[in-house]
Amino acid sequence: MAWPGNVAMEIEALVCSYVADLQRGEEEREVALLELSKAREKTPGIALLLWHSYGIMTILVDEITQNFPHIPRISQRRTRRMAAALCLLQCVASHPETKTVFVRSYIALLPMAILRTAEDGNQMEHVRLAALGVLGSMMKVADASVIRFLRETEIIPLCLQIMQNGTELAKSVAIFILHSYLSREEGLYYVCGTAERFYAVASALATMVETLVGVPSNRQLKLLISCYLRLCDHPQARGVFELCFPAPLMSDPTLDQVAPSILNNLGDTSKRQLQQIVSRLGF
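Residues numbered from 1 in each chain as written. Predicted model: local features only at pLDDT ≥ 70, side-chain atom pairs only at ≥ 80, totals over all residues. Heavy atoms only, no water.

Q: Is there a simple way to think about the overall build of the protein chain in this case?
A: Looking only at helices and strands, one finds 16 helices and zero strands in the protein chain. Long-range contacts, defined here as pairs at least 24 residues apart, represent 69% of the contacts in the protein chain between residues at least 6 apart. Charged side chains in the protein chain number 27 positive and 28 negative. The centres of these two groups are separated by 1 Å. (Helix = DSSP H or I, 4+ residues; strand = E, 2+ residues; numbered from the N terminus. Contact = heavy atoms within 4.5 Å. Lys, Arg positive; Asp, Glu negative; His and termini not counted. Charge placed at Lys NZ, Arg CZ, Asp CG, Glu CD.)

Next comes the structure, spelled out in structure tokens:
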């Protein structure tokens with residue numbers, strides 16, 4: 001939705017004042033962080049403002065790193081500030097004019113550090129989701145340089161771990177990141193480049209399929225099917241799936257006697273993708 005000119009100008013002026021407040025005292029900074037995180041969707045240019053304003057990226061990084069010593073005994077106030085800072089990093093990570101310099105700055109390693117450090121528990125859950133959001137935004141606009149950078153990080157092992165042990169929303173974001181990574185040619189051939197990497201991914205996908213038999217989630221199922229379809233583009237992966245493709249995705253009528261089919265409410269697009277998989281695997 002386009003904002004009327006006078007409203008847009010007021011929002012931009014307010015955003016600029018909050019950015020300035022980030023460089024003031026603790027109380028002003030806290031308010032500015034929370035308000036800017038709320039305003040990010042209304043102000044498309046906020047990423048450029050954050051990146052090019054002197055000292056702001058350092059402040060956002062500091063908001064995150066200074067709280068690491070307090071994990072896991074971290075206060076709700078600190079987690080709110082961390083999540084707000086991560087939401088602002090997400091803006092920078094997803095903007096076409098700042099995404100590449102963001103990756104080159106290695107600030108993108110911070111969300112991964114959070115995912116490694118944060119223990120299970122509701123207190124840190126929204127921080128972990130915000131960290132995943134930064135990585136998910138990077139994947140939405142990923143080019144070859146972003147994929148090469150991520151290839152040298154722990155992004156795939158972290159996503160696989162979350163896919164097996166995370167909350168439902170965290171699992172959905174993690175599998176979205178994996179699917180986006182596989183969608184790029186370089187990402188697909190990296191995952192399938194060694195048996196160890198491929199079987200780690202295949203095992204995590206299979207575990208999620210088994211989980212969905214008991215706790216269905218159409219959002220996760222659609223992404224899982226898309227991942228399998230993409231993996232079938234690789235000849236070695238296709239050869240493995242010909243021998244051990246997850247039974248619940250094969251619409252086996254005998255399986256429905258044991259557990260309800262997870263494919264009942266599948267959309268037309270996912271059904272077509274499943275048909276493509278079956279055709280490619282020769283079932």
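Q: Just checking my understanding: could you explain the pattern of salt bridges for this structure?
A: Opposite charge on two side chains permits pairing when their charged atoms draw close. Across all of its chains, the model carries 14 salt bridges by this definition. Across the salt bridge formed by Arg151 and Glu186, the nearest N and O atoms sit 2.9 Å from each other. Taken together, the residues span a long stretch of sequence, with Arg151 in helix H9 (residues 144-151) and Glu186 in helix H12 (residues 185-191) at a distance of 35 residues. For Glu186, a relative accessible area of 27% corresponds to the partly exposed category. The structure contains a network of salt bridges with shared partners spanning Glu26, Arg29, Glu30, Glu63, Arg77 and Arg81. (Salt bridge = Lys/Arg side-chain N within 4 Å of Asp/Glu carboxyl O. Buried < 20%, exposed > 50% of the residue type's maximum accessible area, 1.4 Å probe, protein only.)

Q: I keep staring at the packing of aromatic side chains and nothing clicks. Help me out?
A: In this description, a pair of aromatic rings is defined by centroid distance and the angle of the planes. This structure, assessed with the given rule, holds six aromatic pairs. Residues Tyr228 and Phe241 carry aromatic rings whose centres are separated by 5.3 Å and whose planes lie at 70° to one another, so their mutual orientation is edge-to-face. Taken together, the positions of Tyr228 in helix H14 (residues 218-231) and Phe241 in helix H15 (residues 235-241) put the pair 13 residues apart, joining distant regions of the chain. Pairing Phe241 with Phe245 gives two aromatic rings, centres 5.9 Å apart and planes at 85°, and the pair type is edge-to-face. The exposure class assigned to Phe241 is buried, which follows from its relative accessible area of 3%. Relative accessible area serves as the criterion here: at 11%, Phe245 is assigned to the buried category. (Phe/Tyr/Trp six-rings, centres within 6.5 Å; stacked < 30°, edge-to-face > 60°.)

Q: Looking at this model, I keep getting lost on unusual backbone geometry. Mind explaining?
A: The phi angle of most residues is negative, glycine excepted, and most peptide bonds adopt the trans form. At Tyr106, a residue that is not glycine, the phi angle is positive and equals roughly 65°. Along the polypeptide, Tyr106 turns up in the loop between helix H6 (99-104) and helix H7 (109-117). Judged by its relative accessible area of 52%, Tyr106 falls in the exposed class.

Q: I keep staring at the confidence of the model for the protein chain and nothing clicks. Help me out?
A: It should be kept in mind that the predicted coordinates are not to be read in detail where pLDDT is low. Confidence in the prediction for the protein chain averages 85 pLDDT; 90% of positions are at 70 or higher. Per-residue pLDDT, averaged within each element of the protein chain, yields its smallest value for helix H1 (residues 5-21) (69) and its largest for H14 (94). Of the regions scoring below 50 in pLDDT, residues 1-8 engages in three contacts with residues more than four places distant in sequence or in other chains. Below pLDDT 50 for its whole length, residues 253-259 participates in four contacts with residues either more than four positions away or in separate chains. (pLDDT = per-residue confidence, 0-100.)

Q: In this structure, what is going on with the packing of helix H2 (residues 26-39) against helix H5 (residues 76-94)? I would like to understand it.
A: Packed helix pairs are specified by the crossing angle of their axes together with the interaxial distance, meaning the distance between the axes. Across the interface, H2 lies against H5 with an axial gap of 8 Å and an inter-helix angle of 55°. With respect to H5, the element H2 is oriented oblique. As H2 packs across H5, the resulting crossing turns out to be left-handed. In contact with Glu26, Arg29, Glu30, Leu33, Leu34, Leu36 and Ser37 of H2, H5 contributes Arg77, Arg80, Arg81, Ala84, Ala85, Cys87 and Leu88. (Axes fitted to C-alpha atoms, helices over the stretch in contact; angles between N-to-C directions. Parallel < 35°, antiparallel > 145°, perpendicular 65-115°, else oblique. Left-handed = near helix turned anticlockwise from the far one by under 90°.)

Q: Can you walk me through the environment of Leu36 in this structure?
A: Within the secondary structure layout, Leu36 lies in helix H2. The class for Leu36 is buried, based on a relative accessible area of 0%. When the C-alpha positions of Leu36 and Tyr18 are compared, they lie 6.8 Å apart, and in sequence the two are 18 residues distant.

Q: Please clarify how helix H11 (residues 168-183) should be interpreted in this entry.
A: Here H11 spans 22 Å end to end across 16 residues, near enough to the 22 Å set by a 1.5 Å rise per residue. The complete set of buried residues in H11 reads Ala170, Lys171, Ser172, Ala174, Ile175, Ile177, Leu178, His179, Ser180, Tyr181 and Leu182. (Expected span 1.5 Å × (residues − 1).)

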